Every structure is written in C-alpha cells, then in structure tokens.
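Structure assessment
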Amino acid sequence: MSAASCLRSEDQFLCSICLDVFTDPVTTSCGHNFCKNCITEHWNTNDQYLCPICKEVFTRRPDLRVNTLLSEMVSQFRQEAQQKASSSSSEQQAAKPGEVPCDVCTGTKLKALKSCLVCLASYCETHLEPHLTASRLKRHQLMDPVENLEDRMCMKHDKPLELFCKTDQTCVCKFCPILDHKTHDVVPLKEEYEGKKAELGKTEAEIQQMIQKRRLKIQEIKHSVDLSKKDADREKAEGVRVFDALKESIRRSEAKVVKTIKERQKTTEKQAEDFIKELEQEISELKKRCTEVKQLCHSEDHLHLLQNFPSLKAAPPTKDWTEVSVHPSYEGTVVRAVAQVEETLSKEMRKLFTEAELKRVQQYAVDVTLDPDTAHPKLVLSDDGKQVNCSDVKKNLTDNPKRFMRYANVLGKQSFSSGRFYFEVQVKGKTDWDLGVARESINRKGVVTLKPQNGYWTIWLRNGNEYRACNDPPFDFSLKSQPQKVGVFVDYEVGLVSFYDVDAAALIYSFTGCSFTEKLYPYFSPRPNDGGKNSAPLIICPVNQTA
C-alpha cells in the first residue's frame with residue numbers, strides 16, 4: 001500500500017468511540033464499524049441500544065461478530081504504519097534531556113512535535129499524523145510540546161482549562177462558570193493571555209530598564225574606583241613627597257645639631273690644649289728658676305749670692321690659674337635644636353600641606369568667562385571675556401534684570417549648583433578689588449552689603465594692604481606678601497568657599513558651613529580707577545596644574 005493511499009484510508013480504520021485504530025472491529029446491522037470492546041461498553045452504560053454514529057435504535061442487543069475482512073485490513077494497516085514509523089524514526093531525533101518525549105513511541109522515545117490538550121498526550125512526527133489527517137482528530141487543540149499535560153485539565157470536571165476567572169485569578173474549564181464561578185468575570189483564556197502578555201511586555205521593558213540602570217551604575221562604580229585609584233596614587237605620591245621633605249628637614253636639623261656639638265667640642269679641646277701648653281711653659285720657667293735658686297743657695301760666694309739675690313728671691317711672673325677651668329656645657333643644645341626643628345617643621349608642614357591642598361583643588365578648575373549682560377555700564381570687558389577694568393565713562397546700556405546698576409560688578413557666565421569648582425584671577429598691580437561667588441538671586445540694583453546673608457561669599461582688598469573677609473561680622477586680616485594671583489574654590493555640597501594665594505601656595509581665608517540652595521556664579525569687581533592707581537584689570541587666568 002502506498003503512502004498516499006495509506007493516508008487516504010487511515011481515517012477508515014479509526015473507531016469513532018475511542019478515536020484510535022480498530023481493535024477487533026465489529027459491524028452493526030446499520031453498517032457502521034466499532035471496536036468490539038468500545039461498542040460493548042457503550043451499550044453497557046446506556047439504556048438504549050443505538051448506533052453512536054447514525055443513532056439507529058435496535059430493539060434488542062445485536063449479536064456482535066468480528067469483521068474478518070476489516071480486521072485483516074486493520075492488521076495490514078498497522079504493519080505498514082509500524083514500518084513507516086520505523087523508517088521515519090531513524091530520521092527523527094530521539095528526545096534529549098529537557099525535551100518532551102512522544103507518549104506513543106515504544107523503545108526509543110522520539111522528540112515530540114506537538115501536544116494534544118484533548119488526548120493529554122504528546123506526539124512525534126509519525127504519531128502526530130492522525131491528528132493532521134483524521135477529520136475528528138483535526139478538531140483537537142494542538143500546541144507546542146509541554147510536559148505535565150494533566151495540569152492543563154480541570155481536576156473537578158476533567159475538561160481542558162479553556163477559560164480564565166478574573167475574579168479568582170485562576171484558569172477554569174467551560175463547566176466551572178456554570179457552577180463554582182457562576183457570578184464571576186470569566187473570559188476566554190486567549191483574551192486573558194493577550195492582556196497578561198502585554199503586562200509581561202511592560203514588565204520585561206521595566207526589567208530591561210532596571211538592568212540598564214544597574215549596568216550604568218556598575219560603570220559608574222567602576223569609574224569611581226578608577227578615579228579613586230588615581231586619587232589614591234596621587235595622594236600617596238604627594239604623601240611621600242611631603243614626608244620626604246619633612247624627613248630631609250629633620251636630617252638637616254640633625255646634621256646641624258651634630259655639627260654644632262662637634263664644633264663646640266673641638267673649641268673646648270683647642271682651649272684645653274692652649275691652656276696645657278701655657279701651663280707647661282710656665283712649669284718649664286719655674287723649674288729653671290728653681291734650679292737657679294737652688295744653685296745660689298749652695299753658693300759659698302757671699303758676694304755672688306748678695307748680687308743675685310734681688311732677681312731670684314721671688315718666683316718668676318706667672319698667670320693666675322685660680323679661676324681658669326675647662327667646663328664645656330652642652331645642656332640645652334638638643335632641646336633648643338628640637339624646638340627650632342619643631343618650629344621649622346610646623347612652618348614647613350603648613351607650607352607643604354597648603355601646597356598639597358592647592359594642588360588638590362586645582363583639579364576642579366573650570367573655564368570661566370565674564371557675562372557682559374551682568375556688567376555695570378562703567379566696566380570694560382575684553383573680547384575673550386577674560387579681563388575686566390573700570391573706566392571713568394559710563395556707557396549707555398540697556399538695563400536688564402541681570403545687570404548691576406549701582407556697583408561696578410560683573411558675574412561669570414557659568415553657573416554651578418553642585419559639585420566642586422575652582423578658578424584663578426590675577427590681581428597684580430591693583431590696590432582695590434572684590435572676588436568670590438554670589439547666588440543667582442542677589443540684589444543687583446540697590447545698596448548691598450557683601451555678606452553671606454545677602455548671597456555673597458567674597459574677600460576684598462582696599463588701599464593696597466587692607467584685606468577683609470566679607471563675613472558676618474567682617475574679618476579683617478593682613479598678609480605677609482600681597483597676592484599676585486588669587487584662587488577661588490567652592491565645594492557646593494560641603495558648603496565651603498576658600499581663597500588661596502596661588503604663588504605662595506597659601507590659604508588666605510575660608511567660609512565654612514555655608515548653605516547653598518541656588519545656582520552660584522563667580523563674582524568680580526575691579527573697583528574704580530582711583531586716578532589711575534587702580535587701573536590694572538582683573539584677569540581670569542588658565543590654571544597651571546602642577547604634578
């Protein structure tokens with residue numbers, strides 16, 4: 001029998017009751033065929049003896065005999081089907097771990113292609129053919145192969161779970177809404193599937209977004225670690241440099257102390273040597289006189305003794321050694337040296353630490369340019385926005401909310417509302433100037449006192465040597481040398497504004513504990529010319545970050 005004829009006749013060998021190939025086929029008087037056991041069980045469970053296909057009623061239970069011809073044809077069909085299954089199974093793959101096996105295959109279980117929700121079985125390509133060709137089986141619901149098909153059946157009604165109860169949020173069969181879920185909101189499984197699928201799509205998008213955020217956070221953390229390593233390496237190098245400088249200073253002080261003590265010891269030894277030499281010379285002279293006196297005492301020549309007596313009766317002139325002594329004193333030498341070292345180290349440490357601090361804040365250098373829209377009409381700004389001085393001529397400029405109209409001030413274009421920033425301004429040749437930062441909402445039109453409460457964190461110079469930190473109360477201070485270049489550093493979150501003498505690497509003043517809630521702008525005032533004494537401009541300089 002050819003494969004085509006096999007497929008065409010296959011439906012004829014299926015029992016309409018069990019929907020499987022006939023076993024011991026019998027024929028009723030109405031001409032329909034059934035498995036002997038299937039029709040017997042059917043009549044045993046019904047009050048009437050009727051044909052399940054044409055519904056013909058028999059007055060008495062028919063005698064059933066096996067249809068020999070049909071039985072032979074079924075047997076031949078089974079053999080051909082087994083041969084076909086055997087040949088196709090060699091081409092099909094056996095089910096691997098994790099794959100759904102065919103429930104019909106005996107021996108080697110082949111990989112299932114589909115699962116039937118009606119039969120609650122999974123089929124390989126060969127055993128799936130009846131569901132693709134038999135008219136009755138074509139009505140069965142097929143799906144991609146899954147395990148545990150019994151979980152897709154209603155435990156109470158033994159029917160497929162085809163509906164979804166939105167009230168109880170559970171899958172139900174078609175009989176459940178009639179009884180247990182009578183008043184509930186029940187929809188087709190596909191409808192709820194589409195809704196839930198859409199929700200899962202949103203969930204997936206949210207999860208992907210969360211993953212992306214975490215990947216970005218990982219990159220941020222890695223970047224922070226890289227920055228931390230660079231900062232640590234830089235701080236270690238700076239620490240080594242600072243402590244090497246301190247150790248060198250201590251070594252120099254140690255060498256100086258040792259040298260001082262050695263020189264004092266050498267002086268003492270030279271003095272003692274000179275004293276001994278002088279004493280030995282006097283002893284030699286005294287011995288000589290003693291010999292002369294002794295000889296004169298033993299002389300029998302009266303005239304000779306009397307003539308030499310005046311010159312020998314007294315000891316020769318000598319030095320009075322009573323108060324002479326050698327008592328070198330080193331007491332206090334080390335104490336004084338240590339005190340001097342402590343003072344030197346203190347100065348050196350302040351200098352080194354300020355240098356290190358200045359280098360640290362210079363990392364946050366920003367490019368600042370002057371904003372002409374804020375400049376007082378008397379101010380003259382350079383084309384590049386880096387210099388400003390005050391002229392005696394007031395320009396006719398349009399007043400706008402940003403412009404200073406009473407005082408000769410100007411702000412930077414750049415604003416800062418977080419993090420840290422630093423810039424440097426050359427003040428060389430000026431006798432008066434104001435520098436610092438100001439918040440966005442400052443009064444630019446009327447009388448203003450420079451202090452934090454009014455939104456200004458500034459320092460100023462007046463008359464060439466009078467410095468003031470415009471705090472509340474103001475703090476006047478003096479500097480050993482006049483700064484030529486001033487650095488301004490702000491840490492927005494910490495609330496810190498610091499001013500540095502860049503060339504001397506010295507801290508001038510710091511505002512601490514500030515509370516910033518608005519944008520901050522760099523603030524400049526070159527002050528009036530004062531007859532040419534203060535005509536030099538304020539110049540925003542590039543920051544030279546030393547290694």
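Right above here is the structure, for reference.
Treat the numbers as computed from the prediction; the structure is a model and nothing was measured. (Residues numbered from 1 in each chain as written. Predicted model: local features only at pLDDT ≥ 70, side-chain atom pairs only at ≥ 80, totals over all residues. Heavy atoms only, no water.)

Where nonpolar side chains cluster on the molecular surface, the patch consists of Phe175, Ile178 and Leu179 and spans about 280 Å² of accessible area. Examined against the element boundaries, Ile178 turns out to sit in the loop between strand E9 (170-172) and strand E10 (186-188). (Patch = residues over 30% accessible without salt bridge, like charges linked within 9 Å, V, L, I, M, F, W, Y side chains within 5 Å. Areas by Shrake-Rupley, 256 points an atom, 1.4 Å probe, with all protein chains shown as cover. Salt bridge = Lys/Arg side-chain N within 4 Å of Asp/Glu carboxyl O. Helix = DSSP H or I, 4+ residues; strand = E, 2+ residues; numbered from the N terminus.)

An order of E9-E8-E10 is seen for the three strands of this open sheet, with the pairing classed as antiparallel. Of all the strands in the sheet, the pair left with one neighbour each is E9 and E10. Across this sheet, the average inter-strand angle for adjacent strands is 35°, counted without regard to direction. Helix H6 (residues 189-297) contacts strand E8 (163-165), E9 and E10 of the sheet and is inclined by roughly 85° relative to E10. (Pairing = 2+ DSSP bridges. Axes fitted to C-alpha atoms, helices over the stretch in contact; angles between N-to-C directions. Contact = heavy atoms within 4.5 Å.)

Quick look at the pattern of salt bridges now. As a working rule, side chains carrying opposite charge can pair if their charged atoms are close by. By the definition in use, this model includes 20 salt bridges. The closest approach of N and O atoms between Arg289 and Glu292, which form a salt bridge, is 3.8 Å. Residue Arg289 and its partner Glu292 are located together in helix H6, separated by three residues, close to a single helical turn. Overall, the relative accessible area of 30% leaves Glu292 in the partly exposed class. (Buried < 20%, exposed > 50% of the residue type's maximum accessible area, 1.4 Å probe, protein only.)

A full pass over the atoms with the stated rule returns 17 aromatic pairs. Where Tyr467 meets Phe477, the ring centres are 5.8 Å apart and the plane angle is 20°; that geometry is what we call stacked. Here the residue Tyr467 occupies a position in strand E17 (residues 466-469), and Phe477 occupies one in strand E18 (residues 475-477), the gap between them amounting to ten residues. Within the aromatic cluster, the residues linked to one another by ring pairs are Trp433, Tyr467, Phe475, Phe477, Phe499, Tyr509 and Phe511. Lying over the aromatic face of Phe404, Arg444 brings its terminal NZ or CZ to 5.9 Å of the ring centre. For Arg462, the ring lying beneath its charged end belongs to Trp460, and the centroid distance is 3.9 Å. (Phe/Tyr/Trp six-rings, centres within 6.5 Å; stacked < 30°, edge-to-face > 60°. Lys NZ or Arg CZ within 6 Å of the ring centre and 35° of its normal.)

A few words now on the nonpolar core. Within the largest apolar cluster, 37 residues are counted, with the highest numbers of intra-cluster contacts made by Trp433 and Phe524. Not counting chain neighbours up to four residues away, the residues in contact with Phe524 comprise Val368, Leu370, Ala408, Asn409, Val410, Gly412, Phe423, Val425, Asp434, Leu435, Leu538 and Ile540. Membership of the second largest hydrophobic core comes to 19 residues, among which are Leu14, Phe34, Cys35 and Leu70. (Core = buried A, V, L, I, M, F, W, Y, C linked by side-chain atoms within 4.5 Å.)

For the rest of this paragraph, the subject is the sheet that holds strand E7 (residues 142-143). Taken in spatial order, the three strands line up as E6-E5-E7 in an open sheet, and their pairing is antiparallel. Since the sheet does not close on itself, it has two edges, and those belong to strand E6 (121-123) and E7, each with one partner. Note that strand E5 (residues 114-116) and E7 share two bridges and pair antiparallel. Across the sheet, Ser115 pairs through a bridge with Met143, a residue of E7. Of the strands in this sheet, E5, E6 and E7 touch helix H4 (residues 125-133), which is tilted by about 110° from E6.

On a regular strand, one side chain projects to one face of the sheet and the next to the other, so that they alternate. Most of strand E14 (residues 420-426) sits out of view: five of its seven residues are buried. Sheet analysis places E14 next to strand E19 (residues 485-491), joined by seven bridges and oriented antiparallel. Across the sheet, residue Glu424 finds its bridge partner in E19, namely Gly487. Here E14 pairs with strand E23 (residues 538-541) via three bridges, running antiparallel. Of the residues in E23, the one forming a bridge with Glu424 is Cys541.

Moving on, we get to the side chain of Asp371. Locating Asp371 in the fold gives a position in the loop between helix H8 (333-362) and strand E11 (379-381). Here Lys402 takes part through its side chain, which lies 3.3 Å from a polar atom of the side chain of Asp371. What Asp371 contacts, discounting residues up to four positions off in sequence, is Leu381, Lys402, Val410, Leu411, Gly412 and Lys413. (Polar contact = N/O pair within 3.5 Å; in protein donor to acceptor, adjacent residues only side chain to side chain.)

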